[in-house]
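Coordinate analysis (summary)
Given next are the chains, with one letter for each unit.
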Amino acid sequence: MAGIDAFGIALQRSDMAPTTPTFTAIANVTNIEGPEIERDTYDVTSHDGVDGWRDFIGGLKDGGEVTLEVNYDPRVHDDLIADFEDTDPRDYKIVFPKSLGSWQIKALLTGFSSEAPVDGKLAAELKLKVSGKPTITPGV
């Protein structure tokens, strides 16, 4: 299989309504990275191990971070900055194009950085720390 065009991916933010939450796409996204899931490992090598090879078992898992780059518009994106004050994770969805599926995550906004170069566009980078296990919904 050849590669898949990433154009059209969306990061959606929940309004956190208790009964039927509404997810709205974050506007002007130019790049999404993550989540960068990881797992701790524990060295369980013993002196009577086979052929001098280390042995490991799996430990705790971490949902990592999602980094989001946007063409920054304060009128559109400043509600995201308000999320920085929240101590409870918010629901987000990363929706892949062409019905390829989605990842649903709970995350905290942990970073927001904007830039305004004299010879470039107004841009911002947001960092979301995933809390708990991402839910993966396969596409069709």
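In this report, we go over the structure that sits alongside the text. What you see as residue numbers is a count from 1 along each chain, following the sequence as written. For a predicted model such as this one, the threshold for reporting local features is a pLDDT of at least 70, and the threshold for listing and counting side-chain atom pairs is 80 or more; totals across whole chains, interfaces and linings nevertheless cover every residue. Heavy atoms from the whole structure form the basis of all side-chain values; hydrogens and water molecules are not counted.

**Re the nonpolar core**
As a rule of thumb, nonpolar side chains are buried together in soluble globular proteins. Counting 18 residues, the largest nonpolar core has Leu11, Ile26, Val66, Leu68, Val70, Tyr92 and Leu128 as the members making the most contacts within it. Comment: elements are numbered from the N terminus, with helices defined as DSSP H or I runs of at least four residues and strands as E runs of at least two. Mapped onto this core, the elements with two or more residues apiece are strand S6 (65-71), strand S7 (90-95), strand S8 (101-115) and strand S9 (123-130). In this text, buried Ala, Val, Leu, Ile, Met, Phe, Trp, Tyr and Cys residues form a nonpolar core when linked through side-chain atoms within 4.5 Å. A simple rule labels every residue: compare its accessible area, found with a 1.4 Å probe on the protein chains alone, to the largest value its type can have, and call it buried under 20%, exposed over 50%, or partly exposed in between.

**Some remarks on unusual backbone geometry**
For the bond running from Gly34 to Pro35, omega is 5°, close enough to zero to count as cis. Structurally, the position occupied by Pro35 is in the loop between strand S3 (29-33) and strand S4 (38-43). Located in the positive-phi region is Ser99, a residue other than glycine, with phi close to 55°. Its location among the elements puts Ser99 in the loop between S7 and S8. Accessibility expressed as a relative area gives 47% for Ser99, which makes it partly exposed.

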